[in-house]
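Structural overview for review
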Amino acid sequence: MNAPARLLMNFEVTPASHLLAEYQARGGYQAIEKAIRTMTPKQVTDTVTTSGIQGRGGANFSAGRKWGVINLNDGQPHYLCANADEGEPGTFKDRWILENAPHLLLESMLIAAYALQVRHAFIYIRGEFDLPYRRITAALEEAYAAGFYGKPLFGSDFTCDLIVYRGAGSYICGEASGLLTSLEGKRGYPRNRPPRLTVRGLYQKPTVVNNVETLSNLAGIINNGPDAFKATGTKKSPGTRLVSISGHINKPGVYEVEPGRPFREFIFDTCGGVPGGRKVKCIIPGGISTKVVTGEEVDRIRLDNEDLATVGSGMGSGGMVVIAEGTCMVRLLQVLLRFYHHESCGQCTPCREGMGWMHRIIDRIVAGQGVPEDIERLKQISAWNDGNTICGMGDAAGYAALGILAKFGHEFEHYITHKRSLCDGNLECRASS
Amino acid sequence: MPRIFIDGKPYEAKSGQTVMEVARANGVDIPAFCWHPELSIAGNCRVCAVQVEGRSWVEISCNMPVTEDLKVLTDSDIVRDYRKSILQLTTLNHPVDCGICDKSGECSLQDYHYEHNGTPSISRDAKVHSTKFHKLSPRITLDNERCILCTRCVRFTHEVSKSKSLGVVQRGDTSLIRGSEDGAFARDDYSDNVVDLCPVGALLSTAFLYRSRVWYLKPTPSVCPGCARGCAVDLWHRKPEWKLHALEARKNVAIERVTPRENPHGPWICNKGRDYASFVERPRAWQAMSAGTPVATHTAIDAARLLIEGARNPFVLVSSWASNEELAAFRNLLAERFTALVKADRLAQPGEPMEDAFLIRADKNPNTRGALAQFPNEWEIGMALPADCDLVLVWGEGFDLASAPPKARTIVLDAWDKPTHATADVFIPLSIQTERAGTYTNFEGRVTAFEACFPKPDAVVDAESLFASLARSTLPAAAE
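Described in the following lines is the structure provided in the data block. Being a predicted model, the structure only gives us computed values, none of them experimental.

The subject of this paragraph is the overall build of chain B. Scanning chain B for helices and strands turns up 12 helices and 22 strands. When the backbone C-alpha atoms are referred to their principal axes, chain B occupies close to 90 × 50 × 45 Å. A total of 480 residues make up chain B; the buried ones form 44% of that total. Restricting to contacts in chain B with at least 6 residues of sequence separation, those with at least 24 account for 63%.

Another point: the overall build of chain A. When helices and strands are tallied, chain A shows 17 helices and nine strands. What you see for chain A is a C-alpha radius of gyration of 22 Å, in line with the 22 Å of a compact globule of 433 residues. When the backbone C-alpha atoms are referred to their principal axes, chain A occupies close to 75 × 50 × 35 Å. With 433 residues in all, chain A has 56% of them scored as buried.

This part is about the interface of chain B and chain A. Taken together, the contact pairs 26 residues of chain B with 26 residues of chain A. The set of elements that each furnish at least two residues to the side of chain B that touches chain A consists of α2 (77-90) and β8 (166-169) of chain B. Of the residues forming the side of chain B that touches chain A, the biggest block, four residues, is contributed by α2 of chain B. The residue inventory of the side of chain B that touches chain A, partitioned by class, reads 11 nonpolar, 10 polar and five charged.

The next thing to look at is the environment of Leu-422 of chain A. Residues and elements named next belong to chain A. Considering the arrangement of structural elements, one finds Leu-422 in the segment after α17 (393-418). What makes Leu-422 partly exposed here is the crowd of 17 C-beta atoms within 10 Å. Between the alpha carbons of Leu-422 and Ser-344 there is a distance of 30 Å; along the sequence they are 78 residues apart. When neighbours within four sequence positions are excluded, Leu-422 is seen to be in contact with Glu-411, His-414 and Tyr-415.

To continue, consider helix α3 (residues 41-51) of chain A. Residue and element names in this part refer to chain A. Of the residues making up α3, those classed as buried are Pro-41, Val-44, Thr-45, Thr-47, Val-48 and Ser-51. One side of α3 carries all its buried residues, which in axial view fall inside an arc of 155 degrees. Turned more than 90 degrees away from the buried face of α3 sit Lys-42 and Gln-43, all of them exposed. In this structure, the buried residues of α3 make contact with α2 (31-38), α4 (63-68), α6 (102-116) and α10 (218-230).

Moving on, we come to unusual backbone geometry. That bond from Arg-193 of chain A to Pro-194 of chain A is cis: its omega, -10 degrees, falls within 30 degrees of zero. Of note, Pro-194 of chain A is situated in the loop between α8 (176-183) and β4 (207-211). Note that the residue after Pro-194 of chain A, namely Pro-195 of chain A, is joined by a cis bond; omega there is 0 degrees. Looking at where Pro-195 of chain A falls in the secondary structure, it is placed in the loop between α8 and β4. Phi is positive for Lys-162 of chain B, close to 65 degrees, though the residue is something other than glycine. Within the secondary structure, Lys-162 of chain B is located in the loop between α4 (152-159) and β8. Residues other than glycine seldom take positive phi values, yet Tyr-210 of chain B does so here, at roughly 60 degrees. Within the secondary structure, Tyr-210 of chain B is located in the loop between β10 (203-205) and β11 (217-223). Accessibility expressed as a C-beta count within 10 Å gives 9 for Tyr-210 of chain B, which makes it exposed.

Residue and element names in this part refer to chain A. At a minimum axis separation of 8 Å, α3 and α10 run at an interaxial angle of 45 degrees. It follows from the interaxial angle that α3 and α10 lie oblique. Note on packing geometry: the crossing formed by α3 with α10 is left-handed. The residues of α10 that touch α3, namely those facing Thr-47, Val-48, Thr-50 and Ser-51, are Leu-218, Ile-221, Ile-222, Pro-226, Phe-229 and Lys-230. Residues belonging to the contact of α3 with α10 are distributed by class as follows: six nonpolar, three polar and one charged.

Thresholds, definitions, all that
- Residues numbered from 1 in each chain as written.
- Chains lettered and ligands numbered in written order.
- Predicted model: local features only at pLDDT ≥ 70, side-chain atom pairs only at ≥ 80, totals over all residues.
- Helix = DSSP H or I, 4+ residues; strand = E, 2+ residues; numbered from the N terminus.
- Buried ≥ 20, exposed ≤ 12 C-beta atoms within 10 Å, placed from the backbone.
- Contact = placed C-beta atoms within 7 Å.
- Rg over C-alpha atoms; globule rule 2.2 N^0.38 Å.
- Nonpolar A, V, L, I, M, F, W, Y, C, P; charged D, E, K, R; others polar.
- Arc of directions from axis to C-beta.
- Axes fitted to C-alpha atoms, helices over the stretch in contact; angles between N-to-C directions.
- Parallel < 35°, antiparallel > 145°, perpendicular 65-115°, else oblique.
- Left-handed = near helix turned anticlockwise from the far one by under 90°.

Here it is as structure tokens:
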């Protein structure tokens, strides 16, 4: 088998590798020059569409098709925003890009801004990110000093300014419309669709919001052409994925994976398996909003969207959490539901009331006061949220709960009947065991 | 002009409308908490969900644009199930304190619960408690436990009253409606509208709090006399069949609260209009007087008739609080004998908002335009009446008797008790707006009718019949 493709993590990380000089030494800022000198904005969009790159934030929507909605000749300003509000628990892949390849993002954003004819672009970065914030602002200063931002580029009249905006630490501001509302300085409430953000987004103008990883792939796509990009990954989801893996795993961290390889190989060969040689009980494959995949399923499927879909899950945002044998799933769900309860913005009824309700139910079960109908109730509230809220957070919490309840329902029944966990109830993984 | 089908029936829609707007315009009732015809779309209550035929899921109708031949179902199985689930969630932390809630009886949540859910909560867990009796302003009390966070009030202060004084703080099921820290809500001259907007009993009028159950009250269509805008309002007072026979009998003729009717500017009125009671709950004049001596009303009328008959150059100061009908009666029956001047009965009180860009007008009288239509000349404060004027008929308030020409005789017609009435040659007490029907013409020329809330007390007279009796007794004299 060929060595796995490296599209993003294709350089050695050194204390200086994030600086402009090193980035340019690696061939940086050539893609934007190529785009401006040899391509029209429409051609850039077409190239991105041809490459088939999908959004890396979790929804897997074709980036080119999202861009295609923007009418370049509608006479109004367009906005571009990089979603660096990486709040999905278990996900920290964008952080790697922001810390180690900030110029890759900045160059790629120039390409996107050129394709969409954007004068002002934004990076909405989560407030908890400290080093990533310092790195991206320092890189932006370098880029401004080098004339990539704020000045007409390469003899064209295309100019772009970029503003880095720090969020205040809300999960819901990672949802594109909530992000834009927050960026406008309002309370971070997601907005109703229609209208789509590409029709009325930031300041009521057409806006494209893309994930940091999605954008960061653009420089490579322009440099090497869409076909080289399509040659990696699977047919339906081309390119590589950054996966951040944590939990009960020997080598946690951010990995670039090429979809289509066996899941088991990634966990046990690349990431070193579970500490103490324990079995994998289940894996949350792409942020806690994707449904869990059991250890048995991990053994037989490949790590890509298509195979994960066969077990009801997906690559999501690439935030993988490995859960070893012996972990109590009831308490795991308690942790997840506490998070969703805490992060529900409180705008629409099903999520605002439902999250608190689910949290109170699971707390009661863990306290040994559960009743058999509680399991049904959790499923019911999840179903009430599915597709019935303004944004996807209500759905996501429902998926998380439904996924665990479907595959580990017996643990909940046991907990309710015996008022104690079927497992040892220790979420920590002891290496000595 | 797309045509859409709601539950199989075709309706004409305008492009750009939403399904909710088409439904409401055609009398199809789709439940809604957060949607309000005058406010922007929030889409957060989710109770207005409908099913598009052929789809297996529901979508909210308040944000669904109409398209040609769109077919929606408002009463399919999944819509009914979904509404039920939403009402389970809405009532999850909502206290069941309807028995002591001011909104009870006119509460959307109560209505929808009985119509679309009707079952007790399926939750086993304790309700989440929250702040009660939070003073948003001296006028508005907020019960956060009852609040369903529809954000109508927030949108009202941002979009209609423009004070931007309310917002949501905290997150999730601990979200709270709160006023801005600069206290702008207390300075919002339209703040009381949020009480009507609130679909539940969360926002409460401090003045009306625990005053009465709404089902003991009935609304009488009326016009706010507070300024020349003349907003159509409902005056709520005790139903005659629920008359109190003992204790607090005063409540039988009290205006308990004021709510706006549909007006061209939307269903809004200012706070001054809500304080309608302050216009009418003042010491009334009940006793006719002749030269300061109490006399029977008919004696006073006879005395007034004699004064009018004997006058060579009488002036009348016409009330700008008189209805068009009263003004017409005066013009038809008596005006030819008088020089008529229209006066402003009421001026802005200290602290009362003078004028703004929305509703409040500088002219604090309801029928100045109507009065000027019949009597074109105006009397302004400080304007001296000619020295040869020998009779001044003062109709209503706003004229100081001391400023009448020294030799002129005076007749005062007024509803309110004032010490200066005793100095008039004749004083006759009149009825007030809540005791008679009529119309006012506002500054734009719009005519709005008001009805009587209470029967007229015997001690006072209606201006219309007073003028008739004054004219009846003078006319035969003229014929002799």
